[in-house]
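Take a look at the letters that make up each chain.
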Amino acid sequence: MSDAPRVLVVVASRHGATAEIAAALARGLAGCAAGRGVGLSAVAVPAEQRPDPGPYDAVLLGSAVYAGRWLDPARQYATLFADSLRGRPVWLFSSGPIGEPPFPPDEPHDAAPLSVLTGAREHRVFPGRLEKDRLSFGERAVVTAMRAPVGDFRDWEAVAGWAAGIAATVAGALPAAQF
């Protein structure tokens, strides 16, 4: 059995953009220099599947943000596994602001309480994607009424950089004998 660190990336995504960020985070964690150096493995799993964080050395938990709030599956996951999450390094991420500059500029309403609940080290907000053809009729009506900017505003360099920083932190948390 390998002592290489394992990282779980749990995500709630409504239209796929946040799930794509989670997949990029998992790739970035394992593929960056620090991750490769310690043989780190990472996997992205939908929050609805309720993966057990127990076997993992660290967890990233993220959600798309709608109306300033995380999606229910991510909030429920944090509540269900709060004790286990507090026993390991946890980072939170949100996806949702759109436009240049990203709007809304505020953090999601539930980011601070979820950070306390999970003992998260950090919460990061990434710009999201808005494509009208992926939205329901009601969502399209709201987007049109708000004159929301349409497009992909995700910053892949920021995602990769955050993953590399987390991988370095996780790699540094290992006993020196494992390097």
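Whatever comes next refers back to the structure up there.
Nothing here was measured: the structure is a model prediction, and the numbers come from that model.

Student: I would appreciate a short explanation of the overall build of the chain in the present structure.
Tutor: Each helix and strand counted, the chain has 7 helices and 8 strands in total. The buried share of the chain, taken over its 179 residues, is 46%. In the chain, of all internal contacts separated by at least 6 residues, the share reaching a separation of at least 24 is 78%. Here the chain displays about 8900 Å² of accessible surface, and carbon together with sulfur accounts for 56% of that area.

Student: Teacher, can you tell me more about the environment of Ser 115 here?
Tutor: Structurally, Ser 115 can be placed in helix H5 (residues 111–118). Placed 37 residues apart in sequence, Ser 115 and Ala 78 show a C-alpha to C-alpha distance of 9.3 Å. Those residues in contact with Ser 115, other than ones at most four positions away along the chain, are Leu 92, Ala 120 and His 123.

Student: Got a minute to help me understand the packing of helix H1 (residues 17–31) against helix H7 (residues 156–172) in this structure?
Tutor: Packed helices, taken two at a time, are described by the angle between their axes plus the distance between the axes. Close contact between H1 and H7 brings their axes to 8 Å; oriented N to C, the two are set at 45 degrees. Our classification of the angle between H1 and H7 gives oblique. For the pair H1 and H7, the sense of crossing is right-handed. In contact with Glu 20, Ile 21, Ala 24, Leu 25, Gly 28 and Leu 29 of H1, H7 contributes Trp 156, Val 159, Trp 162, Ala 163, Ile 166 and Ala 167. Of the residues in the contact of H1 with H7, the class split is 10 nonpolar, 1 polar and 1 charged.

Student: Looking at this structure, I do not really get the packing of aromatic side chains. What am I missing?
Tutor: Given two aromatic rings, one states the distance between the centres and the angle between the planes to describe the pair. Inspection of the entire model under this criterion finds 3 aromatic pairs. Centre to centre, the rings of Phe 126 and Trp 162 are 5.6 Å apart; their planes meet at 70 degrees, and the pair counts as edge-to-face. One end of the pair, Phe 126, is in strand E6 (residues 122–126); the other, Trp 162, is in helix H7, and 36 residues separate them in sequence. Assigned by exposure class, Phe 126 and Trp 162 land together as buried. Through a chain of ring-to-ring contacts, three or more aromatic side chains come together here, namely Phe 93, Phe 126 and Trp 162. The positively charged end of Arg 6 is found above the aromatic ring belonging to Tyr 56, 4.5 Å away from the centroid. Above the plane of the ring of Tyr 66 lies Arg 14, whose end atom (NZ or CZ) is 4.0 Å from the centre.

About the thresholds
Residues numbered from 1 in each chain as written. Predicted model: local features only at pLDDT ≥ 70, side-chain atom pairs only at ≥ 80, totals over all residues. Heavy atoms only, no water. Helix = DSSP H or I, 4+ residues; strand = E, 2+ residues; numbered from the N terminus. Buried < 20%, exposed > 50% of the residue type's maximum accessible area, 1.4 Å probe, protein only. Contact = heavy atoms within 4.5 Å. Areas by Shrake-Rupley, 256 points an atom, 1.4 Å probe, with all protein chains shown as cover. Axes fitted to C-alpha atoms, helices over the stretch in contact; angles between N-to-C directions. Parallel < 35°, antiparallel > 145°, perpendicular 65-115°, else oblique. Left-handed = near helix turned anticlockwise from the far one by under 90°. Nonpolar A, V, L, I, M, F, W, Y, C, P; charged D, E, K, R; others polar. Phe/Tyr/Trp six-rings, centres within 6.5 Å; stacked < 30°, edge-to-face > 60°. Lys NZ or Arg CZ within 6 Å of the ring centre and 35° of its normal.

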